[in-house]
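One-letter residues, chain by chain:
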Amino acid sequence: MTAVTSPLEALPGGTSAASLQAAEAGRAWWTDAIIYQIYPRSFADANGDGIGDLPGVTSRLRYLKRLGVDALWLSPFYKSPQADAGYDVADYRAVDPLFGTLEDFDRLLHEAHGLGIKVIVDLVPNHSSDEHAWFQAAFKSPPGSAERARYLFRDGCGEDGELPPNNWQSVFGGQAWSRAPGDRQWYLHLFDGKQPDLNWDNPQVRAEFEDVLRFWLDRGVDGFRVDVAHGLVKDSELPDTEHRKENGVLVGPMWDQDGVHEIYRAWRRILDEYPGERMMVAEAWVTPQERLTHYIRLDEMQQAFNFDYLLLEGWEAAAFRNVIDASLALSAAVDATTTWVTSNHDVVRAPSRYGLSRPGTHPKGIDAAGEQPDEALGLRRARALALLTLALPGSAYLYQGEELGLPEHTTLEARYRQDPMFIRTRGADIGRDGCRVPLPWKADAPSLGFGPGDRSWLPQPVAYARYAVDRQEGVAGSTLELYRQMLQLRREHALGKGRLCWVDAGRDLLAFDNGDIRVLINFGTEAAELPAGSQVLLSSEPLKEPGELPANTAVWLTGP
């Protein structure tokens, strides 16, 4: 194998990747952190009502500590009618009783900090719930009122305003406008009708969210994941548009407008007032990828999710190398580090995606009528992908259950589905419920140990029993123990702070050095030779033949 130069060696302006990455080694905690996403309603249920809660999270903090994560990100737990599983917020300063109390949150935060785990909370600024006090006041107020100016109300078209103001479509299906009762105005909702978009040209909206930031910063949170960060500002003309995707990303006059950056610069100034290195990470679905760097400049957010890596389709060495190169180069160009993401609460779980006949594709959910993934092959590839991902320089996000190798629930019956995407499209889009099923903790317990009783807000498939934590704990070769080893070795070898150097390994192999570790992954269908004299530190699957790397397997090596 021959070492080859990474495209990061030379960057615009004469700045070398080596100098940037050396500087990163001494920077803030998030630059190489492992951040674990918790979807609270599906993580752990403390009171037995079938819905996960904040005390449930607190009860499992030592599990996360042993896993080896640096921080956790909590999906919304705010007061909400739960039309979109909490992403429809009715009160940004209150905990929904489903999840506990504000005191429960404070206890969780205190205990997490006591274990050395930082806490990031979800912020949902593009839209509120229609049950938010502001929107209730807007409905009761006349057109042109200050109350309506906080949202995007517009007169309808047609003689009596019976047609929506433009042709914009909801991400969840159907038109993006609903009519206000009793007059000719409509309000915009890029998502569900119960999620009206806020008007970010309104100073009251900006002031309110700055106060919300301070509320949670004062309580001690370490940062914010900003939902739909690319959507807050719309073209002021609200023009009709052709609805299309580029590179898998929705584009149009409602997405990725330059005006969002003024908002995030103001937020960054607030975060910088607080001690302890507070951070923000953007959920920004943008194209081309260069646009993502606008969100992570030195005076804006510190991170943005790397969706080009998440959305990558296929199972080919060259494709992974290309997206890794592009990601590292772009982040380094704005003196930031890259995040690596393979699963979250909005996409089919990685073991199921990589078990499809077209591996890595992103169906809008899977049900019993769709292609059923090859469970064993998908898990094998997902484990190999984890060894690749967690050896890359930068930060990585893990979605709850990823460390167990959990597959998608692909046979969930329609009667149980709650995703507004499924409801609004009448099942044309299967939706995201399949990746949100409650976790299995104990194989032989009611609700698989999710709670003290047998209730769970979504039914768990029978197959989840064999993925339960207690079935994997202490079992050599289990996915849980593999993740624990990966995270421990990643920390010991400072891989997140390292520097990638590609090694020429042939068509179906991907190889690189990061410090004293060589990473090798076999995307092919035949076994490949390991470098002579190398020692296997960790492998995603047992190596049955000495000196051979099986198909769909990755290793971390030391030695010559």
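It should be emphasised that the depicted structure is a prediction, and the values quoted were computed from it without experimental measurement. For every chain, the first residue of the written sequence is number 1, and numbering continues from 1 along that sequence. Confidence filtering applies because this is a predicted model: local features only for residues at pLDDT of at least 70, side-chain atom pairs given and counted only at 80 or more, and all residues used for totals across whole chains, interfaces and linings. Excluded from the side-chain calculation are hydrogens and water; included are all heavy atoms of the structure.

S.K.: Report on the pattern of salt bridges, specifying residues and quantitative values.
M.R.: In the sections that follow, a salt bridge refers to a side-chain nitrogen of Lys or Arg positioned within 4 Å of a carboxyl oxygen of Asp or Glu. Summed over all chains, the structure comprises 36 salt bridges. Measuring nitrogen to oxygen at the nearest pair gives 3.9 Å for the salt bridge that ties Glu313 to Arg358. Of this pair, Glu313 sits in the loop between α8 (307-311) and α9 (317-333) while Arg358 is found in the loop between α10 (350-353) and α11 (375-389), placing the two residues 45 residues apart along the sequence. Exposure categories follow from relative accessible area, calculated using a 1.4 Å probe and restricted to protein chains: below 20% of the type maximum is buried, above 50% is exposed, and the middle band is partly exposed. When its relative accessible area of 42% is taken as the criterion, Glu313 is described as partly exposed. The class of Arg358 is exposed, set by a relative accessible area of 57%. Between Arg484 and Glu481 there is a salt bridge, with its nearest N and O atoms 2.9 Å apart. Here Arg484 and its partner Glu481 are both found in helix α14 (residues 479-492), 3 residues apart, which amounts to about one turn of the helix. By the burial criterion, Arg484 is buried, and Glu481 matches it. Here the salt bridges do not stand alone but share partners, grouping Asp84, Asp346, Asp419, Arg432 and Arg436 into one network. In DSSP terms, a helix is any run of H or I states spanning at least four residues, a strand is any run of E spanning at least two, and both are numbered starting from the N terminus.

S.K.: Break down the packing of α11 against α14 for me, with residues and values.
M.R.: It is the contact of α11 with α14, at a shortest axis distance of 11 Å, that shows an interaxial angle of 10 degrees. The pairing of α11 with α14 is recorded here as roughly parallel in orientation. Across the interface between the two elements, Leu379, Arg383, Ala386 and Leu387 from α11 touch Thr479, Leu482, Tyr483 and Met486 from α14. Of the residues belonging to the contact of α11 with α14, the class tally is 6 nonpolar, 1 polar and 1 charged. Note on definitions: angles span 0 to 180 degrees between N-to-C directions of axes, and those axes are lines fitted to C-alpha atoms, for helices only across the stretch in contact. For classification purposes, an angle smaller than 35 degrees is called roughly parallel, one larger than 145 roughly antiparallel, one from 65 to 115 roughly perpendicular, and anything else oblique. Two residues form a contact once any of their heavy atoms are found within 4.5 Å. Each residue gets one label: Ala, Val, Leu, Ile, Met, Phe, Trp, Tyr, Cys and Pro are nonpolar, Asp, Glu, Lys and Arg are charged, and the others, such as Gly, are polar.

S.K.: Residues and numbers for the sheet that holds strand β15 (residues 339-341), please.
M.R.: The 8 strands lie next to each other as β14-β13-β10-β6-β3-β2-β16-β15, forming an open sheet whose pairing is parallel. Looking along the sheet, the strands with just one partner apiece sit at the ends: β14 (303-304) and β15. Inspection of the sheet shows strand β13 (residues 279-282) paired to β14 by 2 bridges, in the parallel sense. Paired with Ala282 across the two strands is Ala304, which belongs to β14. This element, helix α7 (residues 260-272), spans β6 (118-123), β10 (223-226) and β13 of the sheet and lies at about 155 degrees to β13. Following DSSP output, two strands are said to pair if at least two bridges run between them.

S.K.: Which residues make up the sheet that holds strand β8 (residues 177-179), and what values do they have?
M.R.: Taken together, 3 strands build an open sheet; the order of strands is β7-β9-β8 and the sheet is antiparallel. Both outer strands of the open sheet, β7 (153-155) and β8, are each paired with one neighbouring strand and no more. Ignoring strand direction, the axes of neighbouring strands in this sheet form an average angle of 35 degrees. Across 3 bridges, β7 lies against strand β9 (residues 185-188) in antiparallel orientation. Bridging across to β9, Phe153 finds its partner in Tyr187.

S.K.: Please give an account of helix α5 (residues 133-140) that cites residues and values.
M.R.: Of the positions making up α5, those classed as buried are Trp134, Phe135 and Ala138. Taken around the axis of α5, the buried residues stretch over an arc of 90 degrees, which confines them to a single face. Facing away from the buried side of α5, by more than 90 degrees, are the exposed residues Ala133 and Lys140. Taken together, the buried residues of α5 touch β7, β9 and α6 (203-219). Arc definition: directions from the helix axis to the C-beta atoms.

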